[in-house]
Amino acid sequence: MIKLPQTTQALLKNPLALSGFIIVLLLFACAVFAPVLAPYDYKEVNVRAILAPPNIHHIFGTDELGRDVLSRMMYGSRISLAVGFVAVGIATLIGILLGAVSGYYGRWIDSCLMRLVDIMLCIPSFFLILAVIAFIGQSIWNIMAIIGFTSWMGVSRLVRAEFLSLKEREFVLAARASGAGDMRIIFSQILPNAMAPVFVSAILGIAAAVLIESSLSFLGLGVQPPLPSWGNILTSGKDNMETAWWLSVFPGCAILLTVLGYNLLGEGLQDVLNPRLKNK
Amino acid sequence: MIIYLIKRLFAMVPVIIGVTLISFLIIHLAPGKPTDVMTELNPKITPEARARLEKYYGLDKPILVQYGLWLKRIALLDFGNSFSTDSRPVIDKIWDKKLPFPDRRLSVTILINLLSMLLIIAIAIPVGIYSATRPYSLGDRISTVCVFIGFATPTFWLSLLLMMLFSVKLDWLPISGLKSLNYATLGPWQQVLDKSMHLVLPVFVSAFGGIAGMSRYMRSSMIEAINNDYITTARAKGLTERAVIYKHALRNALLPLVTILGLSIPGLVGGSVIFETIFGIPGMGQLSYQAIMTRDYPVVMGILTISALLTMMGNMTADICYGLVDPRIRVK
């Protein structure tokens, strides 16, 4: 089980995790307070400052319509935050359910579900995501859902493995002896003890989801302009590659930092929650 | 070994069925009928012609029968015709027999993926060995930092930055495509050189994420191997450290990498959409991007199915190789 105060304390002592935590926290602040912090509105057009390089008025420069890049990036952080959390929420939910059922009941249910995992792992997921988005249309909700539906396999394997080892333990036997039903044993006895690795993989999953969303938006299949996303700012960076380096450099750095932050936090959390792995 | 092979081949059957079924169901996700794109754009179409088209695609039959028919067609590599104006068969677009072998879309993508896999192996294994034999040294720490940054770098952004630096600013490398305009006039060696210059950035970009991941795996796999008893034995025998590391530890550490390489295929294939689009490389990825943007469903489905089947074959080959090099696996 995850004990919050101890975990937080141990996290703060781990330099990698701490830096990840700070990055993620700053990102949250940026996203939540975007309307207050952003110097301009994200759709405010300034015809006198088209493709202006970074200067005092526009720290990160402006894009081809004269919109402030910094403000657009701040609003864009909301998109990547939302996509990351919702997509990983969906993936984790599916992964936990299928993994728990698979590991707890075993036998043919397990074989069927694990075959399904093999199948899903065989299909290049980025292709699958692109194809589905082409078919059902590109909205931010579709993107969240489809990223979630194509990235639950790792979680379900993790949960299954935990269930396989935990279901033979004494506390489960005790619960069964005292008359607890399957659902009760799965959700209130075993699952809380299997959550630590799930939590780590969810945080690492957010990083992956942020990368996928930005790639999709970059290809023009994700968040549609005028709504800003780091990916679609980079698209205009590509179109103006020869003149406006700031359109490519800053949003890319934002993606890199975000993904780095979640990865560091996730890895740090893994060290803290599972000290046995640390010396490996 | 033969029994192991047969077992592996049989294990593939449900996966083939599943992969094709999922691909098939995705076609039916689209609102309306798949033929709507063809019929809507044509004002002259009569209800009879529409019914005939639906019958041609078997849309008037129950869904399981449709799946069976579709499976039969794709077994013969018939993925239908493209919805685009040329309405060529999908398979011709992917594997154009009129073009020379290396220029066909599928060969272009496979070539780049193979090259990047070689690059991954060539860089990741030495880095992994270095880090594992000197854990927590300065070099190991630097490589760990690089790995974290490598994991976090979006490939499309890296492509943009490298293009800006090497193609726009320094003008060392061509900016896009697979060949220069004057390719046909070049001598054979110059042609190879020209193509290599075009391939440098795409191959590097597609290998980038893999290098980070693989060197991490190599490091932990190597550390695990070094902690084994047989390494202590080898050292106790008085073998040189070189022989211990490269003969005894490395061979065992390489085993799990075969599987990891197999598992990394889907990522490489999916990534080809991104870098082929950015670098304008006429491969499967670019084709699928164009097909998706123009809602050319037969092409999208054909590519999805083919790439899934190829991925599966890649995994299968990795499994068989694993069985070949590690006798323990065959018994299980």
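The rules we used
- Residues numbered from 1 in each chain as written.
- Chains lettered and ligands numbered in written order.
- Predicted model: local features only at pLDDT ≥ 70, side-chain atom pairs only at ≥ 80, totals over all residues.
- Heavy atoms only, no water.
- Helix = DSSP H or I, 4+ residues; strand = E, 2+ residues; numbered from the N terminus.
- Buried < 20%, exposed > 50% of the residue type's maximum accessible area, 1.4 Å probe, protein only.
- Contact = heavy atoms within 4.5 Å.
- Areas by Shrake-Rupley, 256 points an atom, 1.4 Å probe, with all protein chains shown as cover.
- Lys, Arg positive; Asp, Glu negative; His and termini not counted.
- Charge placed at Lys NZ, Arg CZ, Asp CG, Glu CD.
- Phe/Tyr/Trp six-rings, centres within 6.5 Å; stacked < 30°, edge-to-face > 60°.
- Lys NZ or Arg CZ within 6 Å of the ring centre and 35° of its normal.
- Patch = residues over 30% accessible without salt bridge, like charges linked within 9 Å, V, L, I, M, F, W, Y side chains within 5 Å.
- Salt bridge = Lys/Arg side-chain N within 4 Å of Asp/Glu carboxyl O.
- Polar contact = N/O pair within 3.5 Å; in protein donor to acceptor, adjacent residues only side chain to side chain.
- Domains from an automatic or database assignment.
- Buried area = accessible area lost by both parts, 1.4 Å probe.
- Axes fitted to C-alpha atoms, helices over the stretch in contact; angles between N-to-C directions.
- Parallel < 35°, antiparallel > 145°, perpendicular 65-115°, else oblique.
- Left-handed = near helix turned anticlockwise from the far one by under 90°.
- Nonpolar A, V, L, I, M, F, W, Y, C, P; charged D, E, K, R; others polar.

(A) Expanded view of the overall build of chain A. In terms of regular secondary structure, chain A is built from 12 helices and zero strands. What you see in chain A, going N to C, is helices and strands ordered as α-α-α-α-α-α-α-α-α-α-α-α. Viewed in the frame of its principal axes, chain A has a C-alpha envelope of about 75 × 45 × 30 Å. Across the 280 residues that make up chain A, the buried fraction comes to 51%. Residue pairs in contact within chain A that sit at least 24 positions apart in sequence constitute 72% of those at least 6 positions apart. For chain A, the exposed surface amounts to about 12600 Å²; the carbon and sulfur share of it is 67%. Considering chain A, the positive charge centre built from 19 side chains and the negative charge centre built from 16 side chains are found 10 Å apart.

(B) Focus on the packing of aromatic side chains. Taken as a whole, this structure holds nine aromatic pairs over all chains when the rule is applied. Ring centres 5.8 Å apart and planes at 85° place the aromatic pair tryptophan 245 of chain A and tryptophan 246 of chain A in the edge-to-face group. Its relative accessible area of 41% is what places tryptophan 245 of chain A among the partly exposed residues. Here a set of aromatic residues connected by ring pairs shows up, and it is made of Phe60, Trp245, Trp246 and Phe250 of chain A. Lying across the ring of tyrosine 136 of chain B, arginine 219 of chain B places its NZ or CZ 5.8 Å from the centre.

(C) Fine view of a nonpolar patch on the surface. Residue and element names in this part refer to chain B. Judged by side-chain polarity, Met1, Ile2, Leu5, Ile6, Phe10, Val13, Ile17, Leu324 and Val325 come together as a nonpolar surface patch covering roughly 830 Å² of accessible area. Broken down by secondary-structure element, the contributors of at least two residues to the nonpolar patch are α1 (2-27) and α14 (297-325). By secondary structure assignment, the location of isoleucine 17 is in helix α1.

(D) Region of interest: the side chain of serine 248 of chain A. Along the chain, serine 248 of chain A falls in helix α12 (residues 245-273). Side-chain polar atoms of serine 248 of chain A contact the backbone oxygen of glycine 237 of chain A, separated by 3.4 Å. Beyond its immediate chain neighbours, meaning those up to four positions away, serine 248 of chain A contacts Leu234, Gly237 and Lys238 of chain A together with Trp157, Leu160 and Met164 of chain B.

(E) Region of interest: the domain arrangement of chain B. Residues and elements named next belong to chain B. The assigned domain composition of chain B is domain 1 (2-94) and domain 2 (101-325). Each of domain 1 and domain 2 has a C-alpha centre, and the two are 32 Å apart. Between domain 1 and domain 2, the contact holds 26 residues from the first and 23 residues from the second. Summed over both partners, the interface of domain 1 with domain 2 buries about 2000 Å², with 81% contributed by carbon and sulfur atoms. Broken down residue by residue, the surface that domain 1 buries against domain 2 is led by Met12, Phe79 and Ile94, which jointly contribute 28%. At the boundary of domain 1 and domain 2, one finds zero salt bridges. Between domain 1 and domain 2 we count two residue pairs in polar contact (both at pLDDT 80 or more) in total. Elements represented by at least two residues in the side of domain 1 that touches domain 2 include exactly α1, α4 (63-75) and α5 (90-94). Counting residues per element, the side of domain 1 that touches domain 2 draws most heavily on α1, which supplies 12 residues.

(F) Just the packing of helix α2 (residues 15-32) of chain A against α12 of chain A, in detail. All names here are of chain A. It is at 7 Å that the axes of α2 and α12 come closest, and there the two elements cross at 135°. Here α2 is positioned oblique relative to α12, judged by the angle of their axes. In terms of crossing hand, the pair formed by α2 and α12 is left-handed. On α12, the residues that touch Leu16, Ala17, Ser19, Gly20, Phe21, Ile23, Val24, Leu27 and Phe28 of α2 are Leu257, Thr258, Gly261, Tyr262, Leu264, Leu265 and Gly268. Partitioned by chemical class, the residues of the contact of α2 with α12 number 11 nonpolar, five polar and no charged.

(G) Broad picture of the interface of chain A and chain B. On the side of chain B, 49 residues touch chain A, which itself brings 43 residues to the contact. Summing both partners gives a buried area of about 4200 Å² for chain A against chain B, and 83% of it is carried by carbon and sulfur. For chain A, the biggest contributors to the area lost against chain B are Phe127, Phe135 and Met241 of chain A; these three give 20% of the whole. For the interface between chain A and chain B, the tally reads zero salt bridges. Inspection of the region where chain A meets chain B yields two residue pairs in polar contact (both at pLDDT 80 or more). Per element, the largest residue contribution to the side of chain A that touches chain B is 12 residues, and it comes from α12 of chain A. Across the side of chain A that touches chain B, the residue classes break down as 29 nonpolar, seven polar and seven charged.

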